[in-house]
Each structure stands twice: as C-alpha cells, then as structure tokens.
Amino acid sequence: MSRSDTEAASRTPAFLEREHRLGAHNYHPLPIVIERAEGVFVWDVDGRRYYDCLAAYSAVNQGHCHPRILAALQRQAQRATLVSRAFHNDQLGRFYEVLTRLTGFGRVLPMNTGAEAVETAIKAARKWGYTQKGIADGQAEIVVFDGNFHGRTTTIVGFSAEEQYRRGFGPFAPGFRRVPYGDAGAVAAAITERTCAVLVEPIQGEAGIVVPPAGFLRELRALCDRERVLLMADEIQSGLGRTGRMFCCEHDGVRPDVLILGKALSGGFYPVSAMLADDAVMDVFRPGDHGSTYGGNPLGAAVAVAALEALVDERMVENAATLGARAFARLAGLRAPVVKDVRGKGLWIGIELHASAGGARRFCERLLQRGVLCKETHDHVIRLAPPLVITAAQLDEVLDAVEAVLRAGGTDRG
Ligand SMILES: *Cc1c(COP(=O)(O)O)cnc(C)c1O
C-alpha cells in the first residue's frame, strides 16, 4: 500500500474526531487510540504496537491486564460488587490485612481516587489538630510545597502553585501555607502552633520528577516530631514499587504519620485509594464523619488484594530497582546536546531538555512514531515510567529509541 492508502485505511481519525466533538476538552492527548493492552504493550486501533512508558501515571505498575488481578476482578464481579458501607462485606477485612502488613500502619481508610484519599488525609490532619493538639477551631494549617500535585478537587487545586490549575476555579479553601520544595528551613519557618500537618510528595512526579535534596525527608521527619506536626506522604504515584522500593520514603528510612496511596493499589482495573495511619490519627474519625459510596466495596477490595500480591510475589519492586539502575547507568553516558538533566529513582525517569530544544512534546511525538509512548510533563521533561514488569531486553529497546530521538534533537522521522 502507498502511504496515502495506509492513511486512508486508518481508523484513528474517526475516533479522534468523535471524542473531540462530544467530550470536554480538558486533556491534550497524543493522537493514538488504544484498543488493547497487555503487560508493557498497548495496541492502537490500526494494529500498531507500542511500549507504554507512562503506565497510566504509574497506575499500571503491575503491567496492563495482569492475569492475576483480572481473575480476581472476574471472580468477585460474579459474587458481589457493591453493598455500601451500611453493611459489612467479606472482602474488606482481607484488604485491610494485606495493606497494613505491607505498610506497617495500623489502620486503613479506603476511598476510590487519589484526590479523595488526599482529601481524607486533610480532614484527618485537621481533626487531629483540633482534638489532639488543641489548635483553635477553624484555625488549622497544613504546609504544602511549590510544585505539588495532589489531585483536582477545589480544595486541592486551591493550594497548587500551578496557575492553570487554579485560574477560574476559586474561591478556594484557606488553611494551607506553601513553601519551596526541598527547603526544610522554609518549612520550619512556616510552622506555627496552628500547624497540624506537612503534606509532601517524596519525589514530585507531575512537577517533572523532582527529587528533593538528600536528607530533606529526614529533616521533615525531625521537624514534625519536634513541633508535633503530622508528616503526610502522598505516595500515590511514588509508592508501590515505582522507585525501586515499596515506598519512596524508605530510601530515606523515613516513616510518615499518614501514608496516602492510590493508582497502582488496584493495578489499573478499578479506582482504589487509601489513607493509612496508626490509631492516634485514625481514631479521630467517628461514624458519620466521612465516607464514600464506593469506598471499601468488595470488588475494589478483591482487586487491590490481587494487585498487591502480584507486586510482591512477582518481585516487581526488585525489578524496578535493578532495571532502574540499568537505565540510569545508560542515560548517564548519553551525549545529546538537548539534554539538560536526567533524574529520578528506580523506573521513574525524568529527562529534562534545554528550553532551546523547543519542548518535550515534540520528542514524545517522535517516540510515538518509534513505538514508544511517553508523556511530557511541564513542557520540558520527558517522563519514562514503564510498567515494573518490563524486562531488561525490552528496556534496552525503549532506551535505544529514546537515545535515537534525543540524539536527533527530535527532528528525525522515526
Ligand atoms: C495522580 C495523583 C493524585 C491524584 O490521584 P487521582 O486518582 O487522579 O485523583 C494525587 N497525588 C499524586 C502524587 C498523584 O500522582
């Protein structure tokens, strides 16, 4: 077939056109329409295969359509899916057991999306502040960071530093103080007797895989202990193996007071998130204080158990550590003038380009042509975050494509 015949036969444009016509325009996706996915691969409606190096923002750390999670979903979907928390269900306790064992926290509060789990943590911290720390009613403050990403609710975008996330959506909830990321001194200066918590991503994903200075988390831990402030780690994207440890905070030997999980907690099958803490914090919640119709439902619980077991039993975290080291070793030797910085941990790799390179999206489009899907973040950063089930040979193929595109300065024709 000639090139024009191939294009004429493509099913992609019709899908793009219909979505564009009927949907809200709150995203700017790459022009690929996926119809099937398995492990590290996705296939588009024209039958082309791609490496998925975004892994749904780390929600599919276990790889697409993992058979074990799929089996759990199918089994549970035929038994009971949703009964509401007005009644107990036989799956929830097992989910709590697996998750508390894995994290070392005493108690779990299950929700659905990441943003809801963050909202839950905010509520827990405020109520803890009033009932345990004696903060005057309505005065509690939470310290957050420039470059943060914690979700899209109105409260959460209200303390974002990203102008676009906020513009047009106010008024916003008060009670947040934002300081530079990685600056423990600024946190110390922001803490007052009204401060109930510090909310931090151990590595900032959406900000461009920003790794804080060594010792930052330990300084936060010491500061929070000294000032009696809760340290709340949002590990929705950094957790569950992405950085080569089960949780990113482990790299620094830091245990937060509140751990927030989502995304890979269900391996991409179903939204499941959770806030974890010990009794002293979790006991602030009384019946009726907080809830969610779908939170803690038996289908989500069964899926999450299978997702966690797959992660552990198949040693995906260890694979992320080993192959992450392999990727960083190779990228360290990369000589491409467009590259300003390569950073990250495990299989979470940010390649920052010089502003003169004209933006990362162009490079992502070239990678798409070479069969590798990635998404730019913050204009100048290419994010590589494949499923943690990727093999060394597959990773090498991805890096071959990345190197070729970077060396060509994003101008090659694939
Ligand atoms: C994705 C993400 C969230 C929000 O999760 P949703 O499921 O999209 O609501 C919150 N925090 C971090 C660090 C994230 O990466």
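Residues numbered from 1 in each chain as written. Predicted model: local features only at pLDDT ≥ 70, side-chain atom pairs only at ≥ 80, totals over all residues. Heavy atoms only, no water.

## Concerning the overall build of the protein
Then comes step 1: Helix and strand counts for the protein stand at 15 helices and 15 strands.
Then comes step 2: For 414 residues, the compact-globule estimate of 2.2 N^0.38 gives 22 Å, and the protein sits close to it at 22 Å.
Then comes step 3: With the C-alpha coordinates aligned to their principal axes, the bounding extent of the protein is approximately 75 × 50 × 45 Å.
Then comes step 4: Per-residue burial over the protein gives 54% buried out of 414 residues.
Then comes step 5: Accessible area for the protein stands at about 18300 Å²; split by element, carbon and sulfur atoms hold 51% of it. (Helix = DSSP H or I, 4+ residues; strand = E, 2+ residues; numbered from the N terminus. Rg over C-alpha atoms; globule rule 2.2 N^0.38 Å. Buried < 20%, exposed > 50% of the residue type's maximum accessible area, 1.4 Å probe, protein only. Areas by Shrake-Rupley, 256 points an atom, 1.4 Å probe, with all protein chains shown as cover.)

## As for the sheet that holds strand β12 (residues 348-353)
Then comes step 1: If you trace the four strands from one edge of the open sheet to the other, you get β11-β12-β15-β14, paired in antiparallel fashion. Each edge of the open sheet carries a strand with a single partner, namely β11 (339-345) and β14 (375-377). Across this sheet, the average inter-strand angle for adjacent strands is 30 degrees, counted without regard to direction. (Pairing = 2+ DSSP bridges. Axes fitted to C-alpha atoms, helices over the stretch in contact; angles between N-to-C directions.)

## Describing the environment of Tyr-270
Then comes step 1: With respect to the element layout, Tyr-270 can be found in the loop between β9 (258-261) and β10 (273-277).
Then comes step 2: Spatially, the C-alpha atom of Tyr-270 lies 6.4 Å from that of Gly-300, the residues being 30 residues apart in sequence.
Then comes step 3: Apart from the residues within four sequence positions on either side, Tyr-270 is in contact with Tyr-294, Asn-297, Leu-299, Gly-300 and Val-303.
Then comes step 4: A polar contact is formed between the side chain of Tyr-270 and the side chain of Asn-297, at a distance of 3.3 Å. (Contact = heavy atoms within 4.5 Å. Polar contact = N/O pair within 3.5 Å; in protein donor to acceptor, adjacent residues only side chain to side chain.)

## Considering the site of the ligand
Then comes step 1: Taken together, the neighbourhood of the ligand is formed by Thr-113, Gly-114, Ala-115, Phe-149, His-150, Gly-151, Glu-201, Asp-234, Ile-236, Gln-237 and Lys-263.
Then comes step 2: Isolated, the ligand exposes 380 Å² of accessible area, and the fraction of that covered by the protein chains is 80%.
Then comes step 3: Counting atoms within 2 Å of the grid points, the majority share of the ligand lands in the largest pocket.
Then comes step 4: For the shell around the ligand, the per-class residue count stands at three nonpolar, five polar and three charged. (Near = heavy atom within 4 Å. 1 Å grid on protein atoms, 1.4 Å probe; cavity = no way out; pocket = protein on both sides within 12 Å on 5 of 7 lines; lining within 4 Å. Sits in = over half its atoms within 2 Å of the grid points. Nonpolar A, V, L, I, M, F, W, Y, C, P; charged D, E, K, R; others polar.)

## Points about the pairing of β11
Then comes step 1: Bridge count between β11 and β12: six bridges; the pairing is antiparallel. The partner of Arg-343 across the bridge, within β12, is Gly-350.
Then comes step 2: Adjacent in sequence and paired antiparallel, β11 and β12 are bridged by two residues, among which Gly-346 carries a positive phi angle near 60 degrees.

## What to know about the domain arrangement of the protein
Then comes step 1: Domain annotation of the protein identifies domain 1 (3-62 + 315-407) and domain 2 (67-313).
Then comes step 2: Between the C-alpha centres of domain 1 and domain 2 there is a distance of 27 Å.
Then comes step 3: For the domain 1 and domain 2 pair, buried surface summed over both sides reaches about 2400 Å², with 59% attributable to carbon and sulfur atoms.
Then comes step 4: Joining domain 1 to domain 2, the criterion identifies one salt bridge.
Then comes step 5: Here domain 1 and domain 2 share 19 residue pairs in polar contact (both at pLDDT 80 or more) between them.
Then comes step 6: Counting only elements with at least two residues in the side of domain 1 that touches domain 2, the list comes to α3 (55-58), α13 (316-332), β11, β12 and β15 (381-384).
Then comes step 7: Here the element with the most residues in the side of domain 1 that touches domain 2 is α13; it accounts for four residues.
Then comes step 8: Considering only residue class, the side of domain 1 that touches domain 2 consists of 16 nonpolar, eight polar and four charged. (Domains from an automatic or database assignment. Buried area = accessible area lost by both parts, 1.4 Å probe. Salt bridge = Lys/Arg side-chain N within 4 Å of Asp/Glu carboxyl O.)

## Describing the environment of Ser-356
Then comes step 1: Its location among the elements puts Ser-356 in the loop between β12 and α14 (360-369).
Then comes step 2: With 24 residues separating them in the primary sequence, Ser-356 and His-380 have C-alpha atoms 9.6 Å apart.

## Some remarks on the packing of α14 against helix α15 (residues 392-407)
Then comes step 1: Remark: α14 packs on α15, axes separated minimally by 10 Å, with the N-to-C direction vectors making an angle of 130 degrees. Taken together, the axes of α14 and α15 are oblique relative to one another. As α14 runs across α15, the sense of the crossing is right-handed. Along its contact with α14, which presents Phe-363, Arg-366 and Leu-367, the element α15 presents Ala-401, Val-402, Val-405 and Leu-406.
Then comes step 2: By residue class, the composition of the contact of α14 with α15 is six nonpolar, no polar and one charged. (Parallel < 35°, antiparallel > 145°, perpendicular 65-115°, else oblique. Left-handed = near helix turned anticlockwise from the far one by under 90°.)

## Comments concerning unusual backbone geometry
Then comes step 1: Here Gly-170 and Pro-171 are connected by a cis peptide whose omega angle stands at 5 degrees.
Then comes step 2: Among the secondary structure elements, Pro-171 is positioned in the loop between α8 (163-166) and β6 (176-179).
Then comes step 3: Positive phi, normally seen in glycine, also occurs at Ala-55, with a value near 55 degrees.
Then comes step 4: Relative to the helices and strands, Ala-55 resides in helix α3.
Then comes step 5: Residue Ala-55 is classed as buried on the basis of its relative accessible area, which comes to 0%.
Then comes step 6: Phi at Ile-209 takes a positive value of approximately 55 degrees, unusual for a residue other than glycine.
Then comes step 7: As for its placement among the helices and strands, Ile-209 is situated in the loop between β7 (195-200) and α10 (216-227).
Then comes step 8: Here Ile-209 falls in the buried class, since its relative accessible area comes to 0%.

## A look at the pairing of strand β4 (residues 107-111)
Then comes step 1: The buried count for β4 comes to four of five residues, which makes it a mostly enclosed element.
Then comes step 2: Here β4 pairs with β10 via five bridges, running antiparallel. When the bridges of β10 are listed, Val-108 appears paired with Leu-276.

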